[in-house]
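Notes for the structure review
Residues per chain are reported as follows:
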2 protein chains.
Amino acid sequence: MSCSGGLTLYINLLSAPARALTLLPRGIRAPYEEKNISFFKGEHKSEAYLKIHPFGTVPAVTDGDLTILESCTALRYIASKYDTSGKWYPADLASRVRVDEFLDWQHTKLRKHGVGYYFNLIFAPMINKCEPDMTLINSHKEELKKVDADMVRHFIKGRNFIAGEHVTIADLIAACELEQPMCANVTYSQPIMDYLDRVKSHIGPDYDQVHQKVRGFTKSMLNK
Amino acid sequence: MSCSGGLTLYINLLSAPARALTLLPRGIRAPYEEKNISFFKGEHKSEAYLKIHPFGTVPAVTDGDLTILESCTALRYIASKYDTSGKWYPADLASRVRVDEFLDWQHTKLRKHGVGYYFNLIFAPMINKCEPDMTLINSHKEELKKVDADMVRHFIKGRNFIAGEHVTIADLIAACELEQPMCANVTYSQPIMDYLDRVKSHIGPDYDQVHQKVRGFTKSMLNK
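Residues numbered from 1 in each chain as written. Chains lettered and ligands numbered in written order. Predicted model: local features only at pLDDT ≥ 70, side-chain atom pairs only at ≥ 80, totals over all residues. Heavy atoms only, no water.

Inclusion rule: UniProt positions are given in the numbering used here, feature names are shortened, and annotations may be inferred rather than shown by experiment.
Reading the Subcellular location (unreviewed entry) entry of the UniProt record for chain A gives the comment "Cytoplasm".

The following block contains the structure:
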């Protein structure tokens, strides 16, 4: 697994931030290469991948000599370097605050509880060969209701997208993280569903394409 | 509690990100106003404060009409707007990646386990009128050892500071988060202790001054 010279994303479409990452170069038409890292083959813990990402998590991004281990950092970097429109990570400080504020907030709210719900429902029983821990899963589901309410009252709050009238990297993370538990039957309020429709419509066919794998996989796991 | 026109920090020095925030305008000599929000008087849940920070957490930052609810976002904003040296949040993309990568990473690693350790040892017994949950506290302490190792092998890795030769906003967060459990007897590896010494020495007397309250408070709680 060697780094090519240009922008390379090491991703797996089962991961929400990996989906957000692949949507960005598509949206800004930046040339990039995509390498799939299979969780089931243990490629994220392989010697070759650990040379790129020493912590062995997915995604990672390389661009020439630069390696980036965090998705939100990589989104900021790719938009700053390759987005000629300046819309995906706006330089205007007030708009940038809206984008950064959501990206900082979601780590311990939307992502924490989305992953808490999804991982414990879908992956933990498979890994640990046990029944799902429904108390834990339902506690994350309850927290996702608060996340929904906080997103509506603060982060969306009458706007089309998090920073205003254009989709930004904050919306890519928001939509991809919201989609993950939704694949596994979590439901959201109407304002969140309307917001997701706007993001999907703004992005176009790539949106459903990058979500196809996680939707199919989750359905097959729930019907087992 | 009304917003003044200029930069205003709503902080409590018992909070690590609040300490990081107050060190920045001091370091760049930007004019600002500081308002203490007392946890013990419940001011963070008061009607007046909830008008500024709808989620009722500390810190918050206002600057004219702009309100910022997330510390890392506020650090990026204050450095971008007020730091004329350009060193605290470097514009050069490769250096900026190093700063952003640490800020994104620490939410669910250093901060998660630092707060997990400190809150459950110091605050939870007081709030819930019970003995500290030492199993939980020790699990966070164990995770802090991994955090220490990951910081040494990746985020510091032979450099003086996270992004190189100058303290940035990433080091403010790193040092203030590392100090919190250290007040309550967590110990770190020598490279982390050396790193903390470098940050402290670079910042000067403000460093100990902003840590005085949390050190004194923690000592008094542990000696109760």
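There's more to say after this.
Observations concerning the overall build of chain A
So the rule is basically this: Segments assigned H or I by DSSP are reported as helices when at least four residues long, segments assigned E as strands when at least two residues long, and all are numbered from the N terminus. The globule rule is 2.2 Å times the number of residues to the power 0.38, and the radius of gyration it is compared with is taken over C-alpha atoms.
Along chain A, the regular secondary structure elements total nine helices and four strands. Each helix (α) and strand (β) of chain A, taken in turn from the N terminus, gives the series β-α-β-α-β-β-α-α-α-α-α-α-α. Taking 2.2 N^0.38 as the reference for a compact globule, 224 residues should give roughly 17 Å; the C-alpha atoms of chain A span a radius of gyration of 17 Å, in line with that estimate. Along the first, second and third principal axes, the C-alpha atoms of chain A reach 50 × 45 × 30 Å.

Quick look at the pairing of strand β1 (residues 7–11) of chain A
Residue and element names in this part refer to chain A. Test applied: Three labels apply to residues, based on accessible area from a 1.4 Å probe with only protein chains included: buried if under 20% of the type maximum, exposed if over 50%, partly exposed otherwise in between. One requirement defines pairing of two strands: DSSP has to find at least two bridges between them. Classification remark: right-handed applies to a crossover when, strands pointing away from the viewer, the course from the first strand over the helix to the second runs clockwise.
Among the five residues in β1, five count as buried, and that is most of the element. Burial along β1 is two-sided: the residues Leu7, Leu9 and Ile11 and Thr8 and Tyr10 are all buried. With four bridges connecting them, β1 and strand β3 (residues 60–63) associate as antiparallel partners. Each residue of the ladder has a partner; that of Tyr10, found in β3, is Ala60. A crossover links β1 with its parallel partner strand β2 (residues 33–36), the connecting element being helix α1 (residues 16–28), and its sense is right-handed.

A few points about helix α4 (residues 93–106) of chain A
Residues and elements named next belong to chain A. Inclusion rule: Multiply 1.5 Å by the residue count of a helix minus one, and that product is the helix's expected span.
The first and last C-alpha atoms of α4 sit 20 Å apart over 14 residues, in line with the 20 Å expected at 1.5 Å per residue. Counting buried residues along α4, 11 of its 14 residues qualify, which places the element largely inside the surrounding structure. Within the sequence span of α4, burial applies to Arg96, Val97, Arg98, Val99, Asp100, Glu101, Phe102, Leu103, Asp104, Trp105 and Gln106.

Details of the packing of helix α6 (residues 134–156) of chain A against helix α8 (residues 190–203) of chain A
All names here are of chain A. Let me state the cut-off plainly: Orientation is described by lines fitted to C-alpha atoms, with helices fitted over the stretch in contact, and by angles between N-to-C directions that extend from 0 to 180 degrees. By definition in this entry, angles of less than 35 degrees are roughly parallel, angles greater than 145 are roughly antiparallel, angles of 65 to 115 are roughly perpendicular, and the rest are oblique. By definition, residues are in contact when any of their heavy atoms lie within 4.5 Å. Three residue categories are used. Nonpolar comprises Ala, Val, Leu, Ile, Met, Phe, Trp, Tyr, Cys and Pro, charged comprises Asp, Glu, Lys and Arg, and polar comprises the others, including Gly.
Between α6 and α8, whose axes approach to 9 Å, the crossing angle comes to 60 degrees. By the angle between their axes, α6 is oblique relative to α8. Packed against α6, whose contacting residues are Asp148, Met151, Val152 and Ile156, the element α8 presents Pro191, Ile192, Tyr195 and Arg198 at the interface. Its residues assigned to classes, the contact of α6 with α8 shows six nonpolar, no polar and two charged.

Quick notes on the interface of chain B and chain A
Worth spelling out the cut-off: A simple way to read buried area is as the amount of 1.4 Å-probe accessible surface that goes missing from two parts once joined, with both sides added. Counted as salt bridges are all cases of a side-chain nitrogen of Lys or Arg within 4 Å of a carboxyl oxygen of Asp or Glu.
Each side of the interface is counted separately: chain B has 29 residues, and chain A has 29 residues. Roughly 2500 Å² of surface becomes buried between chain B and chain A when both sides are summed, with 65% attributable to carbon and sulfur atoms. One can count two salt bridges joining chain B with chain A. In this structure, Arg76(B) engages Asp104(A) in a salt bridge whose closest nitrogen and oxygen atoms are separated by 3.0 Å. Among the elements that take part in the side of chain B that touches chain A, helix α4 (residues 93–106) of chain B stands out by supplying nine residues, more than any other. Taken together, the residues of the side of chain B that touches chain A sort by class into 13 nonpolar, six polar and 10 charged.

Quick word on a nonpolar patch on the surface
How we decide: Like charges within 9 Å and nonpolar side chains (Val, Leu, Ile, Met, Phe, Trp, Tyr) within 5 Å are joined into patches, using only residues over 30% in relative accessible area that form no salt bridge. Note on areas: Shrake-Rupley, 1.4 Å probe, and residue coverage restricted to the protein chains presented here.
A cluster of nonpolar side chains, Val115(A), Phe119(A) and Ile127(A), forms an exposed patch at the surface whose accessible area comes to about 250 Å². When you line up the elements, Ile127(A) lands in helix α5 (residues 110–128).

A look at the relation of the copies chain B and chain A
Definition in use: Only residues with pLDDT of at least 70 in both copies contribute their C-alpha atoms to the least-squares superposition of the copies.
Note on the copies: chain B fits chain A at an RMSD of 0.0 Å, the axial shift is 0.0 Å, and the rotation between them is 180 degrees. In the structure described here, the two chain copies are related by an operation that fits a two-fold rotation axis. Mapped onto chain A, 100% of the interface residues of chain B are again interface residues, and the two copies thus contact each other with one and the same surface.

Here's the deal with empty space enclosed by the protein
The line we're drawing: Definitions used for this entry: grid spacing 1 Å over protein atoms alone; cavity, a set of points where a 1.4 Å probe fits but cannot get out; pocket, an open set with protein on both sides within 12 Å along at least 5 of 7 lines; lining residue, one with an atom within 4 Å of a point. Grid points are joined across faces, edges and corners, and a volume is the space filled by probe spheres set on the points.
Counted by the stated rule, this structure contains one cavity of 30 Å³ or more. In this structure, the largest cavity encloses a volume near 40 Å³. Around the largest cavity, the lining residues are Thr73(A), Arg76(A), Tyr77(A), Ser80(A), Tyr89(A), Leu93(B), Arg96(B), Val97(B) and Asp100(B). Split into classes, the residues belonging to the lining of the largest cavity amount to four nonpolar, two polar and three charged.

Structural notes on the environment of Ile203(B)
Within the secondary structure layout, Ile203(B) lies in helix α8 (residues 190–203). Along the sequence, Ile203(B) and Leu172(B) sit 31 residues apart, while their C-alpha atoms lie 9.3 Å from each other.

Things to note about the confidence of the model for chain A
For clarity, the cut-off: As a per-residue quantity, pLDDT reports the predictor's confidence and falls between 0 and 100.
Averaged over every residue, the pLDDT of chain A is 96; the share at 70 or more is 98%. Here the predicted complex scores 0.97 on pTM and 0.96 on ipTM.

Some words on unusual backbone geometry
All names here are of chain A. The residue after Val58, namely Pro59, is reached through a cis peptide bond having omega 10 degrees. Considering the arrangement of structural elements, one finds Pro59 in the loop between α2 (47–52) and β3. Of note, the phi angle at Arg29 is positive, near 55 degrees, even though the residue is not glycine. Inspection of the secondary structure assignment puts Arg29 in the loop between α1 and β2. Its identity is not glycine, yet Lys129 carries a phi of approximately 50 degrees, on the positive side.

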